[in-house]
Amino acid sequence: MSVSSAPVSAEPAAARLVASAPWDAEADDALLCVAVRDETHDVKTFVLAPREPRLFAYAPGQFLTFSFEIGSETIHRCYTVSSAPTRPHTVSFTVKRVPGGPVSNWLHDTLKVGDTVRALGPMGEFSCFNHPAGKYLLLSGGSGITPMMSMARTFHDLGGGRDVAFVHSARSPADIVFRGELDTMARLDPAFRVHAVCETDSPAEAWAGFKGRLSLDILSEAVPDFREREVFVCGPKPYMDAVRAMLAGAGFDMARHHEESFDFGALPQAEQEAASEAAEQLDAEAGAAPAMRTFRVEFAKTRRVLECPEDSTVLDAARKAGIRLPSSCAKGLCGTCKSKITTGTVTMAHAGGIRQREIDAGMALLCCSKPTSDLVIER
């Protein structure tokens with residue numbers, strides 16, 4: 001018995017190859033999901049394309065800020081691009097499912113081919129393009145692999161035999177994201193070396209490679225000349241802290257150490273203390289300066305209220321009041337803290353993380369907005 005079916009038209013996908021104009025988020029920020037790929041048991045890659053054929057331009061290591069409509073709420077999140085700019089017709093981001101995470105679980109369970117999401121960018125300075133070198137070392141832990149993968153794919157596509165060492169730390173062999181592709185790249189390019197460090201075995205595989213956590217001994221064995229390389233690091237904060245201390249202790253030139261992270265929580269305690277000390281010093285130096293105005297800021301949904309001095313950003317005032325708000329770069333760049341101001345006015349000095357049409361609609365970035373009146377914020 002034979003089964004026949006009508007051929008599937010390749011025209012929609014092929015039509016994207018004729019794109020010549022660059023993608024412009026200001027003109028159309030809606031991106032179409034054209035593929036969803038399972039990377040591991042809890043990691044997926046989402047491939048996006050413009051609704052009309054356009055070409056993406058970005059530096060490997062940069063990120064996009066997404067606006068996701070989840071339930072009745074708009075949630076902003078930054079995700080590093082995991083694809084390479086050498087393949088400009090689509091852009092990809094890769095997400096690990098986090099237990100209880102409202103966005104990662106929604107993406108894994110809901111976002112499918114044919115759906116649209118909104119994005120702003122690209123943004124960020126964390127890129128190998130900003131630090132040309134003859135030899136690179138890419139160090140990643142867990143989902144911090146995504147910017148490194150963008151860099152590795154770019155180097156691979158450009159050819160030239162650039163000396164790249166890639167050391168990735170994972171919980172188990174089953175948690176090594178992009179494992180097959182990395183192995184293929186290493187097989188095809190002798191100048192590209194990849195090593196994985198696993199904390200434990202997985203049920204289906206006893207790990208035969210480097211085991212435990214990344215240490216100076218492991219790094220020295222895997223990449224003996226690591227001190228001669230430009231180093232890029234991304235991963236959970238404890239991982240990056242440990243790598244930074246390890247490299248500094250090994251005599252590495254930390255001017256060639258570059259790291260990337262997104263912090264969606266409050267400032268670290270040390271930074272809070274430093275900020276408090278700086279504020280006290282300013283107060284002492286102010287002496288008999290005119291009294292500063294303070295404005296009332298109300299968060300409409302949570303009914304929280306705080307007092308915000310006119311020289312403070314709303315985000316800083318919220319942190320000092322113990323109110324946790326989504327934030328990341330704190331520089332007006334990523335858009336994570338974007339919020340609707342329903343009443344009142346602010347001054348805002350942003351770095352590109354918000355569009356003019358959003359400002360016209362009453363949106364503001366709380367990390368770089370200072371009140372000029374009492375405020376009511378839709379959050």
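Just so we're clear, the structure is a prediction, and the values are computed from it rather than from any experiment.

**Observations concerning the overall build of the protein chain**
Part 1: If you tally the helices and strands in the protein chain, you get 9 helices and 19 strands.
Part 2: Considering the protein chain as a whole, with its 379 residues, one finds that 46% of them fall into the buried category.
Part 3: Carbon and sulfur atoms form 53% of the exposed surface of the protein chain, whose accessible area is close to 18,600 Å².

**A closer look at the nonpolar core**
Within soluble globular proteins, side chains that are nonpolar generally end up buried alongside one another.
Part 1: The biggest cluster of nonpolar side chains holds 29 residues, and the ones touching the most others in it are F66, F68, F93 and L107.
Part 2: For this core, the secondary structure elements donating two or more residues are β1 (30–40), β2 (43–50), β3 (63–70), β4 (73–80), β5 (91–96), α2 (102–110) and β6 (116–123).
Part 3: Here this core takes 5 residues from β3, the largest share from any one element.
Part 4: Ignoring any residue separated from it by four or fewer positions in sequence, one finds F93 in contact with K44, T45, F46, L48, F66, F68, Y79, T80, S82 and L107.

**Focus: the pairing of strand β11 (residues 230–234)**
Regular strands show a simple pattern: their side chains alternate between the two faces of the sheet.
Part 1: Counting buried positions along β11 gives 5 out of 5 residues, so the element sits mostly inside the fold.
Part 2: Neither face of β11 is exposed, since E230, F232 and C234 on one face and V231 and V233 on the opposite face are all buried.
Part 3: Bridge count for strand β7 (residues 135–141) against β11 is 5 bridges, and the pairing is parallel. Paired with L137 across the strands is V231, a residue of β11.
Part 4: Sheet topology places β11 next to strand β12 (residues 257–260); 4 bridges connect them, and they run parallel. Within β12, the residue paired with C234 across the bridge is E260.
Part 5: At this point the chain moves from β11, through helix α6 (residues 237–249), to the parallel β12, and the crossover so formed is right-handed.

**Looking at the sheet that holds β5**
Part 1: Read across the open sheet, the 6 strands follow the order β4-β3-β6-β1-β2-β5; overall the sheet is antiparallel. Each end of this open sheet is capped by a strand with a single partner; those strands are β4 and β5. Put simply, the sheet's adjacent strands are angled 35° from each other on average, direction ignored.
Part 2: Examined bridge by bridge, β1 and β6 share 3 bridges and lie antiparallel to one another. Paired with L32 across the two strands is T116, which belongs to β6.
Part 3: The strands that α2 touches are β2, β3, β4 and β5; relative to β3, the one it contacts most, it runs at about 80°.

**Quick notes on the environment of H76**
Part 1: Along the chain, H76 turns up in strand β4.
Part 2: Counting along the chain gives 10 residues from H76 to F66, while the straight-line C-alpha distance between them is 5.5 Å.
Part 3: Apart from residues lying up to four places away in sequence, H76 is in contact with F66, S67, G335, T336 and K338.
Part 4: At 3.0 Å, the side chain of H76 and the side chain of S67 are in polar contact.

**Brief notes about empty space enclosed by the protein**
Part 1: What the rule picks out here adds up to 2 cavities of 30 Å³ or more.
Part 2: Taken as a whole, the largest cavity encloses approximately 40 Å³ of empty space.
Part 3: Every residue lining the largest cavity is listed: W23, F56, A57, Y58, L64, V81, V91 and P122.
Part 4: Here the residues of the lining of the largest cavity sort into 8 nonpolar, no polar and no charged.
Part 5: Its volume calculated, the second largest cavity comes out at about 30 Å³.
Part 6: If you trace the second largest cavity, you find it lined by V43, T94, V95, K96, S143, I145, T146 and V177.
Part 7: Where the lining of the second largest cavity is concerned, the elements lending two or more residues are β5 and α3 (145–158).
Part 8: For the lining of the second largest cavity, the element with the highest residue contribution is β5, accounting for 3 residues.
Part 9: Grouping the constituent residues of the lining of the second largest cavity by class yields 4 nonpolar, 3 polar and 1 charged.

About the cut-offs
Residues numbered from 1 in each chain as written. Predicted model: local features only at pLDDT ≥ 70, side-chain atom pairs only at ≥ 80, totals over all residues. Heavy atoms only, no water. Helix = DSSP H or I, 4+ residues; strand = E, 2+ residues; numbered from the N terminus. Buried < 20%, exposed > 50% of the residue type's maximum accessible area, 1.4 Å probe, protein only. Areas by Shrake-Rupley, 256 points an atom, 1.4 Å probe, with all protein chains shown as cover. Core = buried A, V, L, I, M, F, W, Y, C linked by side-chain atoms within 4.5 Å. Contact = heavy atoms within 4.5 Å. Pairing = 2+ DSSP bridges. Right-handed = clockwise from strand over helix to strand, strands pointing away. Axes fitted to C-alpha atoms, helices over the stretch in contact; angles between N-to-C directions. Polar contact = N/O pair within 3.5 Å; in protein donor to acceptor, adjacent residues only side chain to side chain. 1 Å grid on protein atoms, 1.4 Å probe; cavity = no way out; pocket = protein on both sides within 12 Å on 5 of 7 lines; lining within 4 Å. Points joined across faces, edges and corners; volume = space filled by probe spheres on them. Nonpolar A, V, L, I, M, F, W, Y, C, P; charged D, E, K, R; others polar.

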